[in-house]
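Coordinate inspection notes
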There are 2 protein chains.
Amino acid sequence: MLVLGIDPGTALTGYGAVRGEPFGSLALVECGVIRTSARDRLPVRLREIYEDVSALIERLQPDALAVEDVFYSRNVRTTVVLGHARGVILLAGEQAHLPVHEYPPAEIKKAVVGTGAATKEQVQFMVTRLLRLRTTPSPSDAADAAAVALAHIMSARVPRLGDIEHAATLTLGVRPVRGRKV
Amino acid sequence: MLVLGIDPGTALTGYGAVRGEPFGSLALVECGVIRTSARDRLPVRLREIYEDVSALIERLQPDALAVEDVFYSRNVRTTVVLGHARGVILLAGEQAHLPVHEYPPAEIKKAVVGTGAATKEQVQFMVTRLLRLRTTPSPSDAADAAAVALAHIMSARVPRLGDIEHAATLTLGVRPVRGRKV
C-alpha cells in the first residue's frame, strides 16, 4: 500500500509518500514541499497547490491520500486560509478517485509516537526511526507529511471498535447493542 | 461587463450573474444555488461545488468572479469548512483566467444598501429593486450571490483614494506623499 501524506499550508505544503503494510515493513518513497509565494494572490497560490498535488498523485499513483486535519490556531484568519488550501487538496484526491482520509494532529502523534501530546521533535524522531532514514526529512513540513502517511498505515494495525462492530453487523446481520447487557 | 457573484457554502452555494456598467443599467442574467448533500463526504461535496462553478463559468463566460469573503461565525469549525468551499471556488475562477475579487459581507451591504450594518432583508429588497425584479430571488443564497455581483459592479462607481493615488502615480511618475505637506 502506497500512501501519500499531506501536511497542508498556503506557504508550505509538505508531502510524503510511504509504502508499507499494517504489519509489514515501512519505506519512504519520496518527500518534499510545495512552496508558494506570499506575493501572489490567494487564487494563484491555490492553483499551484492543486496542480502540484494533482501531479504528485499522477506520478506516484498512491492507493490513498492522508491529509492532516486543520490545526485550530488562535488566529482564526490563518486557520480559515488553511481551510482554502485543504479544500483544493481534498479536491485533487477526490478527482483522482482516491480514498481521502483526514487525521487530526493529535491522532497522528498518537499513531506515530504513542501519545497525542508528543512534541514536534518526538514526531520527527519517530518518522526518521520508523522509516530507517539517516537524517530527519527537511524542511519539517516534509517530515510532518510523512508522519500523516505513517499514521494512516499504522492506524490499520489497531482495529477500531467501530470496525469490529461493522464486521459483526456484516457477518451476523445484526447491530451490536451498546450500553446494556444482551 | 458580466459579473458572476458567488455566496459560498458547503450545503448551499448561491450564484448570481449580473450584467451592467458602473454608471449604466443593471440586469440579472441568471441566479440559483448549487446544493450538496450532508450525507456525502466533504471531498465529494467540494468536487460537486468545483465542477458546478466551473460549468457556470464555461457556460456564462463572465468577465469577472466576485466571491463573498468568509463570514466569521462563532462556530470556528463551520467557518473553516466554509474556507474549503471558498478554496475550490477561487481555484475554478483562477483556472478560467478570470479576475477573482473578494468582498467582505459588510462591504457588500455598504455597496448595495449604503450601510455595512444593513439587514439581510434590506439587501434582498435592494437586489430586487436594483435589478427590477418582480420577486426576490429564492432561496436567499441566490439573492445574496446577486448582491456580491452588484457590489463588484457598483464599487467601480465610487473611485477609491488608492485608485486616485495610483492614477496620479501613473500620470506624474511620482508617489503622492502622505502625512506631510510638500
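Here we summarise the structure given alongside this text. The structure displayed is predicted, hence computed values, not measured ones. (Residues numbered from 1 in each chain as written. Chains lettered and ligands numbered in written order. Predicted model: local features only at pLDDT ≥ 70, side-chain atom pairs only at ≥ 80, totals over all residues. Heavy atoms only, no water.)

**Some details on the overall build of chain A**
The secondary structure content of chain A amounts to 6 helices and 5 strands. Order of helices (α) and strands (β) in chain A, N terminus to C terminus: β-β-β-α-β-α-β-α-α-α-α. Per-residue burial over chain A gives 47% buried out of 182 residues. Restricting the contact set of chain A to residue pairs at least 6 apart, pairs at least 24 apart contribute 60%. Of the roughly 9,400 Å² of accessible surface on chain A, a fraction of 54% belongs to carbon and sulfur atoms. (Helix = DSSP H or I, 4+ residues; strand = E, 2+ residues; numbered from the N terminus. Buried < 20%, exposed > 50% of the residue type's maximum accessible area, 1.4 Å probe, protein only. Contact = heavy atoms within 4.5 Å. Areas by Shrake-Rupley, 256 points an atom, 1.4 Å probe, with all protein chains shown as cover.)

**So, the packing of helix 2 (residues 76-95) of chain A against helix 2 (residues 76-95) of chain B**
The N-to-C vectors of helix 2 of chain A and helix 2 of chain B enclose an angle of 50°; their axes lie 7 Å apart at closest approach. Of the possible angle classes, the one that applies to helix 2 of chain A and helix 2 of chain B is oblique. Along this stretch, helix 2 of chain A crosses helix 2 of chain B, giving a crossing that reads as right-handed. Between helix 2 of chain A and helix 2 of chain B, the residues in contact are A:Val76, A:Thr79, A:Val80, A:Gly83, A:His84, A:Arg86, A:Gly87, A:Val88, A:Leu90 and A:Leu91 and B:Val76, B:Thr79, B:Val80, B:Gly83, B:His84, B:Arg86, B:Gly87, B:Val88, B:Leu90 and B:Leu91, respectively. Classifying every residue of the contact of helix 2 of chain A with helix 2 of chain B by side-chain character gives 10 nonpolar, 8 polar and 2 charged. (Axes fitted to C-alpha atoms, helices over the stretch in contact; angles between N-to-C directions. Parallel < 35°, antiparallel > 145°, perpendicular 65-115°, else oblique. Left-handed = near helix turned anticlockwise from the far one by under 90°. Nonpolar A, V, L, I, M, F, W, Y, C, P; charged D, E, K, R; others polar.)

**Some words on the side chain of A:His152**
Residue and element names in this part refer to chain A. Tracing the backbone through its elements, the reader meets His-152 in helix 5 (residues 140-155). Of note is the side chain of His-152, whose polar atom sits 2.6 Å from the side chain of Tyr-103. In this structure His-152 touches Val-3, Ala-64, Ala-66, His-101 and Tyr-103, once residues within four positions along its chain are discounted. (Polar contact = N/O pair within 3.5 Å; in protein donor to acceptor, adjacent residues only side chain to side chain.)

**Some thoughts on the packing of aromatic side chains**
Inspection of the entire model under this criterion finds 1 aromatic pair over all chains. Relative to B:Tyr50, the ring of A:Tyr50 lies with its centre 6.2 Å away and its plane at 40°, an arrangement referred to as tilted. Of this pair, A:Tyr50 sits in helix 1 (residues 42-60) while B:Tyr50 sits in helix 1 (residues 42-60), which puts the two residues in different chains. On the basis of relative accessibility, which here comes to 9%, the residue A:Tyr50 falls in the buried class. (Phe/Tyr/Trp six-rings, centres within 6.5 Å; stacked < 30°, edge-to-face > 60°.)

**Digging into the packing of helix 1 of chain A against helix 2 of chain B**
One way to put it is that helix 1 of chain A packs onto helix 2 of chain B with a least axis distance of 8 Å and a crossing angle of 95°. In this view, helix 1 of chain A runs roughly perpendicular relative to helix 2 of chain B, as classed from their interaxial angle. Along the contact surface, helix 1 of chain A presents A:Leu42, A:Pro43, A:Val44, A:Leu46, A:Arg47 and A:Tyr50, while helix 2 of chain B presents B:Gly87, B:Leu90, B:Leu91, B:Glu94 and B:Gln95.

**Looking at unusual backbone geometry**
Cis geometry is found at the peptide bond from A:Ser138 to A:Pro139, where omega equals -5°. Unlike most non-glycine residues, B:His97 shows phi in positive territory, near 60°. On the basis of relative accessible area, B:His97 is assigned to the exposed category, the value being 72%. For B:Arg132, which is not glycine, the phi torsion reads 50° and is therefore positive. With respect to the secondary-structure elements, B:Arg132 resides in the loop between helix 4 (120-130) and helix 5 (140-155).

**Considerations on the sheet that holds strand 1 (residues 2-7) of chain B**
Residues and elements named next belong to chain B. Here we have 5 strands laid out as an open sheet, ordered 3-2-1-4-5, and mixed in their pairing. At either margin of the open sheet sits one strand with a lone partner, and together these are strand 3 (26-35) and strand 5 (100-103). The sheet shows a mean angle of 20° between the axes of neighbouring strands, taken without regard to direction. Here strand 2 (residues 12-20) runs beside strand 3; their pairing, made up of 9 bridges, is antiparallel. Opposite Gly-14, over in strand 3, you have Val-33 as the bridge partner. Strands strand 1, strand 2, strand 3, strand 4 (64-68) and strand 5 of the sheet are contacted by helix 5, whose axis makes an angle of about 40° with strand 2. (Pairing = 2+ DSSP bridges.)

Scope: geometric values only; no functional claims are made or implied.
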